[in-house]
Each structure stands twice: as structure tokens, then as C-alpha cells.
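One letter stands for each residue in the lines below.
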Amino acid sequence: METYNFSIKTDKRTELIDITKIIDDFIFKSPDTAGLCLIYSPHTTTGIIINEAYDPDVAFDINIFLNNLVPKNNNYRHSEGNSDAHIKAAIIGNSRMISYFDNKLNLGRWEGIFLCEFDGPRQRNINLLLI
Amino acid sequence: METYNFSIKTDKRTELIDITKIIDDFIFKSPDTAGLCLIYSPHTTTGIIINEAYDPDVAFDINIFLNNLVPKNNNYRHSEGNSDAHIKAAIIGNSRMISYFDNKLNLGRWEGIFLCEFDGPRQRNINLLLI
Amino acid sequence: METYNFSIKTDKRTELIDITKIIDDFIFKSPDTAGLCLIYSPHTTTGIIINEAYDPDVAFDINIFLNNLVPKNNNYRHSEGNSDAHIKAAIIGNSRMISYFDNKLNLGRWEGIFLCEFDGPRQRNINLLLI
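Note that the coordinates shown come from a computational prediction; the quantities given were computed from them, not determined experimentally. (Residues numbered from 1 in each chain as written. Chains lettered and ligands numbered in written order. Predicted model: local features only at pLDDT ≥ 70, side-chain atom pairs only at ≥ 80, totals over all residues. Heavy atoms only, no water.)

Asks: So, the overall build of chain A: which residues are in play, and what are the values?
Replies: Within chain A one finds three helices and eight strands. Ordered by position in the sequence, the α and β elements of chain A form the string β-β-α-β-β-α-α-β-β-β-β. Whereas a compact globule of 131 residues would reach a radius of gyration of roughly 14 Å, chain A reaches 15 Å, a difference of no more than 12%. Taken along its principal axes, the extent of the C-alpha atoms in chain A is 50 × 30 × 20 Å. For chain A, the residues scored as buried account for 62% of the 131 residues in total. For chain A, the share of sequence-separated contacts (at least 6 apart) that also reach a separation of at least 24 residues comes to 84%. Of the roughly 5300 Å² of accessible surface on chain A, a fraction of 48% belongs to carbon and sulfur atoms. Separation of charge centres in chain A, based on 13 positive and 17 negative side chains, amounts to 6 Å. (Helix = DSSP H or I, 4+ residues; strand = E, 2+ residues; numbered from the N terminus. Rg over C-alpha atoms; globule rule 2.2 N^0.38 Å. Buried < 20%, exposed > 50% of the residue type's maximum accessible area, 1.4 Å probe, protein only. Contact = heavy atoms within 4.5 Å. Areas by Shrake-Rupley, 256 points an atom, 1.4 Å probe, with all protein chains shown as cover. Lys, Arg positive; Asp, Glu negative; His and termini not counted. Charge placed at Lys NZ, Arg CZ, Asp CG, Glu CD.)

Written out as C-alpha cells, the structure is:
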């Protein structure tokens, strides 16, 4: 079992950031050449998805759709004013699992891994667990 | 590999219940001190999320948002009258993964683990698998 | 660690297809009798869910709800015309985890595993990783 952590500076209140290359590099250097990788965000206002990384318009469309689906102001009870971000995080999920072989992520042809920022800009940490 | 099961009595048709303490206790006593933990609900009208546990208003807002997003009555085909609960379960997901070290869940500072009841009140079972 | 792959021909633009039996058969023949199974779709316009398999109307209702939630045309930027499918895949997730014991999936009484096709009809591949 191996664990790695890295951090990302986000720039906007909401955006999807391609973190595939960073994770690729950890997997490439891993002493265990094959296994399962948990990509985990320990924050409550972010999500992790695996989706198309080839055309950045896909991530753009996903982000805009979620902004329209979950309004920022909506008579929420939580007093910090970011309930929309918590709701998006619950819907999207704060982790994804993927396998790797020969020190390579087992991604589909068009797939990449994204951090979904729902309440930025902030410094965010991502935890990887390889098993 | 270890497996544990516990049950929860829910009180309302829809609510989010913090189950972090129960899972913490299993992890604390686990003979394997580090690994991956699958938190799995074997029901089709519940979900599992990891989100803010500090302010209970966050769980309240998530539950109300989902109730508004997925109406109880909507010309559904399924004759049992709980399609809304199945739909929410599909969107939220029936499991989450988390790592643990030194017999402690690797949760972020504000994170807790919640059972999402979408068709209660009922007795619900949660399965833990540690690997 | 074992890996298996199988492919499914989908028939419609959007539908949920019960793939429980196929996965059951791989688990039944697995040399490792117990562990974790990752059910992973390497595509960016599909999802995997675990939900009720007993009454097919449940899968029908989930599919229709998602079609209404995420319109096919919505001033999306992505020029291929299938942003709705990418958005659904992000919301539902492209994988699920489940445990197995004695060469049997640890499914709840009413649960089955479904491939969610959001941009068919197509030939789709599913990857299983057993650990």
C-alpha cells in the first residue's frame, strides 16, 4: 500500500481541473506496478470525476450545467453561503477508483481525471491510495 | 480482509444520518491497522455520502435539495410509489471508499460519513469491507 | 489481482442494461473466492449503477428522469452534440465497487448492476478488477 498527496491551486469559484498528468506521474514511479488507485478529495465542497479530457468544452459544459442545476442562493439553512457547493459534492462524489497496470492508469481512450472545484478559489489537497 | 455489518433505524421518509462514529469504532478495533474501507448500503433506496458533518444544516440542505430535484409523484411507471427514492440512490451512489491509517479513518477536517435515507422510516443495514 | 473484460451492444440512445448475470459468472469462476470488485466503464458517456433489478420499471424511471433532468440540446459548447451524455456520466459515475464472498457478489436482495447508456446505440466495454 502506498499513499501520495498533492495540492492544487484553483482559480475560480467553480471549475473542473484536469489532474490526470499529476496522477500519471505518481503511478509511473510507483514500486507496485499494478493495482487499484483511490483518488480522494478530503474536502466537502469539491468532487472527483473521470470524463472526457480531449475537448475542454466537455468540462466547461459539465460545470455550467451543475451551476444551473444547483443555484447559489436558494433559502439554504447553512449560514456559510456555500450549500450549493456541498450539494454538488454530494451528487458528484468526493472520490473515484481506477485500476493501473504496468505503471499506467487504465483510462479509456478519451478519459481524464478532474478535480471539480465548487467553492473556490482555494488551495486543495488530493490523496492517492494505491493498493 | 475483514467485514462488519451494522444496522440503523431511520425516523423519517428522507433524512441524512451521520454514521461516522460507528464506522470509526470498527476501524479503531480492526486488526489490520491500515487499508481501504468500502462503506456499502445493500438497499436500493438509500445512498452513502461523505460531506460536512460539523454543521448539521449542510445535511439538511442536501436532503431538501434532493427532495425538490426529484419529485415524489411524477408519472413514474414503478408501481410501488418510491421511484423518487430509487432515482436519488442512482444519483448519489450506494457506496463510498475511504482509506484508514493507524486505525483511524483518513477523513478531511470537516468530513463525516452519512447514510442517506430516501424511503424511510426503516431498519437499514450497512456493510463495511476492509482490505 | 484478476482482470476481466466484456462487451455489450446497446440498442437505444439512452437505456439501463442489467449486467448482473455476466458479472456473477466471472465472480463464480474466480480463483480468488473473496474480495473487492471494481466495475468500471472506460467510456465518457456511460455510467454504472447498483439499483433495483427486480422490477424493470425502476430502471425505466431512472432513465426517463435523467433524460428530463439533462436536456439533449441546451446551448452546450462541446460541438459533438452529446454534452448531455457526458453530464449524466459525471453525475452517475463511471464505476461502482462491490465485495464478494464464496464466489458470490455481495448484492442486497433487490440489487442488480446496470450499465447506463447515455449516448448509444454503441458497442461498450466493461472492465472488472478483482482484488
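Asks: Describe the interface of chain B and chain A, naming the residues involved and giving the relevant values.
Replies: In many analyses, interface size is given as the accessible surface area lost on bringing the parts together. In this assembly, 31 residues from chain B lie in contact with 29 residues from chain A. Of the roughly 2300 Å² buried where chain B meets chain A, counting both sides, 65% is carbon and sulfur surface. Applying the counting rule to chain B against chain A returns zero salt bridges. Applying the counting criterion to the chain B and chain A interface returns nine residue pairs in polar contact (both at pLDDT 80 or more). (Buried area = accessible area lost by both parts, 1.4 Å probe. Salt bridge = Lys/Arg side-chain N within 4 Å of Asp/Glu carboxyl O. Polar contact = N/O pair within 3.5 Å; in protein donor to acceptor, adjacent residues only side chain to side chain.)

Asks: Describe in detail the relation of the copies chain B and chain A, supporting the description with residues and values.
Replies: Between the two copies, chain B and chain A, the superposition gives an RMSD of 0.0 Å; the rotation angle is 120° and the shift along the axis is 0.0 Å. As the rotation angle and translation indicate, the two copies are arranged about a three-fold axis. Ranked by how close their C-alpha atoms come to the rotation axis, the residues of chain B are headed by Ile-91 of chain B, at 3.6 Å. (Least-squares fit on C-alpha atoms with pLDDT ≥ 70 in both.)

Asks: Give a detailed account of the interface of chain C and chain A, specifying residues and quantitative values.
Replies: On the chain A side, the residues contacting the 29 residues of chain C number 31 residues. Counting the surface lost from both chain C and chain A, the interface buries some 2300 Å², and carbon and sulfur atoms represent 65% of this. If you look at where chain C meets chain A, you find zero salt bridges. For the pair chain C and chain A, the interface holds nine residue pairs in polar contact (both at pLDDT 80 or more). Of all the secondary-structure elements, those providing two or more residues to the side of chain C that touches chain A are strand E3 (35-40), helix H3 (83-92), strand E5 (95-101) and strand E8 (123-130) of chain C. The dominant element in the side of chain C that touches chain A, judged by the number of residues it contributes, is H3 of chain C, at six residues. Across the side of chain C that touches chain A, the residue classes break down as 15 nonpolar, 13 polar and one charged. (Nonpolar A, V, L, I, M, F, W, Y, C, P; charged D, E, K, R; others polar.)

Asks: Break down the state of the cysteines for me, citing the residues and quoting the values.
Replies: Tallying each qualifying case throughout the model produces zero disulfides over all chains. No disulfide involves Cys-37 of chain A; its sulfur sits 16 Å from that of Cys-116 of chain A, the nearest cysteine. (Disulfide = S-S within 2.5 Å.)

Asks: How would you sum up the side chain of Thr-46 of chain C? Please name residues and give values.
Replies: Structurally, Thr-46 of chain C is set in strand E4 (residues 46-52). For Thr-46 of chain C, the side chain forms a polar contact with the side chain of Ser-41 of chain C, separated by 2.5 Å.

Asks: Residues and numbers for the pattern of salt bridges, please.
Replies: Summed over all chains, the structure comprises 15 salt bridges over all chains. We note a salt bridge from Arg-13 of chain C to Asp-84 of chain C, for which the minimum N-O separation is 2.9 Å. Placement of Arg-13 of chain C in the loop between strand E1 (2-9) and strand E2 (15-18) and of Asp-84 of chain C in helix H3 is noted, with a sequence separation of 71 residues between them. The exposure class of Arg-13 of chain C is partly exposed, given its relative accessible area of 24%. The partner of Asp-25 of chain C in a salt bridge is Lys-21 of chain C, with the nearest N and O atoms 3.0 Å apart. Of this pair, Asp-25 of chain C and Lys-21 of chain C both sit in helix H1 (residues 20-29), separated by four residues, roughly a single helical turn. A single network of salt bridges, built from pairs that share partners, joins Arg-13, Asp-84, Asp-119 and Arg-122 of chain A.

Asks: Got a sec to walk through the side chain of Asn-63 of chain C? Specific residues and values, please.
Replies: Residue and element names in this part refer to chain C. As for its placement among the helices and strands, Asn-63 is situated in helix H2 (residues 56-69). Overall, the relative accessible area of 9% leaves Asn-63 in the buried class. Polar contacts involving the side chain of Asn-63 include one to the main-chain carbonyl oxygen of Thr-14, which spans 3.2 Å. For Asn-63, the contacting residues outside a window of four places in its chain are Thr-14, Glu-15 and Leu-16.

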